[in-house]
Amino acid sequence: MEGLSRRVLATALVLLSCGLFAAPLRATDVEKHVLCAGTPWATELYVLRGPAPGPSVMVIGGLHGTEDSGWLTAEQFLSKKLANGTLVVVPRANRPAIKRHVRYTTHDLNHSFPGSPKGGGESRLAYEIMQAVGTYHCQLVLGLHQGHGVHSRDSRRVGQTLITGIPRAKDDFPWRVVDKVNAHISNRADHFTVDIYPVDGSSSEESVRKYHNRAFALESSDTYPLAKRIEYLRLLVDGCLSEVGMRYATAPAPTASVPPHLPMRARASLKARSRD
Ligand SMILES: [Zn+2]
């Protein structure tokens, strides 16, 4: 019996060392995958899962290599702890373009969807991103961008917009999100606007066409300093995640990290949420 007990104990220790008896994850479990592995276009895709069932959302940064607030904001979501759902993040989609700080190197990635598995460069990357939208059953896809100007001041500009291809009568989701986010931005001149502006070959258009989900481009304004561009994009992404019922397990970024130039109402909101 003593020998048997020792064998049982030894087996249990081996299983523990393999993690098979490990306690269930209470915070967010993170997987890492690589799209276009082994090519110059290789880029990471992360999957964050909360412990409870919930919505599945994809956030894509770096579709354009000059729009730094897009990929820097996307990266901030990698440290989130989810209470529910699945968050798929491709923080730096077009790595060759980001490295050279150009919009694209050979073809505009956001005009390359649906792409092809046999295509080169952006075409294969677009294909693999869109495959992942299906693999993870993403009901919402958010492309993070940075545009010129502020749309509410000059309708020819796309800065501070949530861009959709679907009119309000068919889906008022974007307007609900923008209204809630703007309630936290005291300076009306900085408010977001919904812009109906379908772009052929974009991640948004292809995602909606292929999967009949919701997909938007979120644009910060390049007229603001980088920290402010990131904070505004974060507010807009948070607004979208909240609207589909995704919840964080822990507080968002501490108030101390909020840049001092953010409007007071946005700062107060972040402070309030940090106590949740
Ligand atoms: Zn862009």
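What you are looking at is a predicted structure, and each value in this text was computed from that prediction instead of being measured. (Residues numbered from 1 in each chain as written. Predicted model: local features only at pLDDT ≥ 70, side-chain atom pairs only at ≥ 80, totals over all residues.)

### A few points about the sheet that holds strand E8 (residues 214–221)
The criterion, for reference: One requirement defines pairing of two strands: DSSP has to find at least two bridges between them. Strands here are runs of E lasting at least two residues and helices are runs of H or I lasting at least four, both read from the DSSP assignment and numbered beginning at the N terminus. Note on geometry: axes are C-alpha line fits, over the in-contact stretch for helices, and angles between N-to-C directions span 0 to 180 degrees. Each residue is represented by a C-beta atom placed from its backbone, and any two residues with such atoms within 7 Å are regarded as in contact.
Spatial strand order, E1-E2-E4-E3-E5-E8-E6-E7: eight strands in an open sheet with mixed pairing. The two strands at the open ends of the sheet, each matched to only one other strand, are strand E1 (29–35) and strand E7 (193–196). Each adjacent strand pair in this sheet contributes to an overall mean axis angle of 25 degrees, direction not counted. In this structure, E1 lies alongside strand E2 (residues 43–49), joined through seven bridges in antiparallel fashion. Pairing of Asp29 across the sheet is with Arg49, part of E2. Docked against the sheet, helix H7 (residues 226–243) engages strand E3 (52–60), strand E5 (140–147), strand E6 (161–164) and E8, running at close to 160 degrees with respect to E8.

### What to know about the confidence of the model for the protein
Our working definition: Here pLDDT means the predictor's own confidence in every residue, given as a number from 0 to 100.
Taken over all residues, the pLDDT of the protein has a mean of 86, while the share at 70 or more is 80%. Across residues 8–26, confidence stays below pLDDT 50; counting only partners more than four residues off in sequence or on other chains, it has five contacts. For residues 253–276, every residue scores under 50 in pLDDT, and the model assigns this stretch 32 contacts once sequence neighbours within four places are set aside.

### Notes on H7
Put simply, the rule is: Helix span is expected to be 1.5 Å times the residue number reduced by one. Each residue is classed by its C-beta neighbour count within 10 Å, where at least 20 other C-beta atoms makes it buried, 12 or fewer makes it exposed, and intermediate counts make it partly exposed; the C-beta atoms are placed from backbone geometry.
Over its 18 residues, H7 runs 26 Å from end to end, which matches the ideal 26 Å to within 8%, given 1.5 Å per residue. Most of H7 sits out of view: 13 of its 18 residues are buried. At the C-terminal side of H7, Gly245 shows a positive phi close to 90 degrees.

### Some remarks on helix H2 (residues 68–76)
Across the nine residues that make up H2, a large majority, seven, are buried. Every buried residue of H2 is accounted for by Ser69, Gly70, Trp71, Leu72, Thr73, Ala74 and Gln76. Residues of H2 that are buried in the fold lie against E3, strand E4 (84–90), helix H3 (95–100), E5, E8 and H7.

### Points about the pairing of E3
This is how the line gets drawn: Consider the strands pointing away from the viewer: the crossover is right-handed when the path from the first strand over the helix to the second runs clockwise.
For E3 and E4, the ladder comprises six bridges, and the chain directions are parallel. Within the sheet, the bridge partner assigned to Val57 lies in E4 and is Leu87. One crossover worth recording links E3 to the parallel E4 by way of H2, and it is right-handed.

### Comments concerning the packing of helix H5 (residues 173–182) against H7
Note the threshold: By definition in this entry, angles of less than 35 degrees are roughly parallel, angles greater than 145 are roughly antiparallel, angles of 65 to 115 are roughly perpendicular, and the rest are oblique. Crossings are sorted by hand: turned counterclockwise from the far helix by less than a right angle, the near helix makes the crossing left-handed, and turned clockwise it makes it right-handed. Note that Gly is not counted as nonpolar here; it falls among the polar residues with everything else outside the nonpolar set of Ala, Val, Leu, Ile, Met, Phe, Trp, Tyr, Cys and Pro and the charged set of Asp, Glu, Lys and Arg.
Contact pair H5 / H7: the axes reach a minimum separation of 9 Å and the direction vectors enclose 125 degrees. Looking at the two axes, H5 sits oblique to H7. When you trace H5 past H7, the crossing you get is right-handed. In contact with Phe173, Arg176, Val177, Lys180 and Val181 of H5, H7 contributes Leu235, Leu236, Gly239, Cys240 and Glu243. Here the residues of the contact of H5 with H7 are counted per class, giving six nonpolar, one polar and three charged.

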